[in-house]
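So you can see what is in the structure, the chains are spelled out below.
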Amino acid sequence: MTYDLAGGALTGLNEEFVSSGRLDDLGCTHASVSALCAVAGEPAPQHVSTLVLFDNEEIGSVSATGARGAWLGRQLERSVLARGGTRDDFLRAVAGSVHVSADMSHATHPNYPDRHEPEHQIALNGGPIVKVSANVLYATDAKTHAAFLLAAEQAEVPVQYFVNRSGVRSGSTIGPYVAAGLAMPTVDVGNPALAMHSARELCGAADSEMLIAALKAFLSPA
């Protein structure tokens with residue numbers, strides 16, 4: 001297999017774009033790690049924040065370290081037991097948690113605007129995307145949607161929506177796998193990108209900071 005050896009670069013008239021390989025999903029990985037590090041020094045909240053970076057998402061997630069495996073549930077349960085909790089405490093903690101599945105999403109390509117719902121066009125540098133699917137290819141529901149919107153509002157970050165056009169099958173994420181496997185409320189979000197899965201992808205330079213701000217507010221709500 002061949003791949004681009006060149007490093008990422010700022011591009012565009014005002015350097016408003018980032019051109020790089022593997023933005024999907026290193027873009028959301030960077031934002032998630034940055035947000036968790038930003039709240040690490042704050043006073044201890046009443047909850048425990050966890051960041052999980054899975055392998056094998058693009059080939060189905062069926063592996064010992066993939067999102068469809070048992071690894072996450074076992075590690076979360078062990079963390080509760082190590083702090084003196086019981087299995088019932090673990091199950092209650094899962095039910096009371098919210099999982100953010102962060103994965104890059106397709107921006108509206110100027111050559112293919114018909115691939116998106118006309119009322120839900122997605123722009124680079126337009127803010128993080130909430131992904132919605134009536135067929136549950138994304139795990140967002142009303143409550144988790146509201147939780148992320150509240151975080152974005154607190155961070156003063158705009159939100160866009162990916163709603164798959166009827167008759168065009170969309171992709172999916174690890175969100176439904178985690179939601180189903182753990183029965184954990186989940187919201188699917190991501191940053192927009194063009195040329196996703198190509199050797200070199202394109203995203204907005206401002207979108208990363210906006211997603212970091214929204215995730216930081218989510219982890220440390222006002």
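Above this text sits the structure in question.
Below is a summary of the structure that appears in this document. (Residues numbered from 1 in each chain as written. Predicted model: local features only at pLDDT ≥ 70, side-chain atom pairs only at ≥ 80, totals over all residues. Heavy atoms only, no water.)

**Remarks on the sheet that holds strand β8 (residues 192–194)**
Hydrogen bonds between backbone atoms are what pair the strands of a sheet, whose relative direction is either parallel or antiparallel. Strand order in the open sheet formed by 5 strands is β1-β2-β9-β8-β4, with mixed pairing between adjacent strands. Unpaired on one side and paired on the other, β1 (9–11) and β4 (105–106) mark the two borders of the sheet. Sheet strands in contact with helix α1 (residues 23–39) are β2 (17–20) and β9 (201–204), and its direction is about 30 degrees off that of β9. Seen against the sheet, helix α6 (residues 205–219) touches β1, β2, β8 and β9 and runs at an angle of roughly 60 degrees to β9. (Pairing = 2+ DSSP bridges. Helix = DSSP H or I, 4+ residues; strand = E, 2+ residues; numbered from the N terminus. Contact = heavy atoms within 4.5 Å. Axes fitted to C-alpha atoms, helices over the stretch in contact; angles between N-to-C directions.)

**Let's talk about the packing of α1 against α6**
In contact at an axis separation of 8 Å, α1 and α6 are set at 45 degrees when each is read in the N-to-C sense. In terms of orientation, α1 lies oblique with respect to α6. In this structure, α1 meets α6 at a crossing whose hand is right-handed. Between α1, through C28, H30, A31, S32, S34, A35, L36, A38 and V39, and α6, the contact on the second element is made entirely by S208, L211, I212, L215, K216 and L219. Partitioning the contact of α1 with α6 into residue classes produces 10 nonpolar, 4 polar and 1 charged. (Parallel < 35°, antiparallel > 145°, perpendicular 65-115°, else oblique. Left-handed = near helix turned anticlockwise from the far one by under 90°. Nonpolar A, V, L, I, M, F, W, Y, C, P; charged D, E, K, R; others polar.)

**As for the nonpolar core**
Core analysis: the biggest nonpolar cluster contains 20 residues, and M104, F148, V189 and L215 have the highest contact counts within it. Contributing elements (two or more residues each) for this core: α1, α4 (142–154), β7 (186–190) and α6. Here the element with the most residues in this core is α6; it accounts for 6 residues. When residues no more than four places from it in sequence are discounted, the contact partners of F148 are P128, V130, V187, V189, A214, L215 and F218. (Core = buried A, V, L, I, M, F, W, Y, C linked by side-chain atoms within 4.5 Å. Buried < 20%, exposed > 50% of the residue type's maximum accessible area, 1.4 Å probe, protein only.)

**Quick look at the pattern of salt bridges**
Counting across every chain of the model gives 3 salt bridges. When the shortest N-O distance is used, the salt bridge between D4 and R200 registers 2.7 Å. Note that D4 is positioned in the segment before β1 and R200 in the loop between β8 and β9, a separation of 196 residues in sequence. The class of R200 is partly exposed, set by a relative accessible area of 26%. With its nearest N and O atoms 2.8 Å apart, the salt bridge here joins E77 to R87. Of the two residues, E77 is situated in helix α2 (residues 71–82) and R87 in helix α3 (residues 87–95); the sequence distance between them amounts to 10 residues. (Salt bridge = Lys/Arg side-chain N within 4 Å of Asp/Glu carboxyl O.)

**Some thoughts on the environment of H145**
Note on placement: H145 falls in helix α4. Judged by its relative accessible area of 21%, H145 is partly exposed. Apart from the residues lying within four places of it in its own chain, the contact partners of H145 are V130, T140, Y161 and V187.

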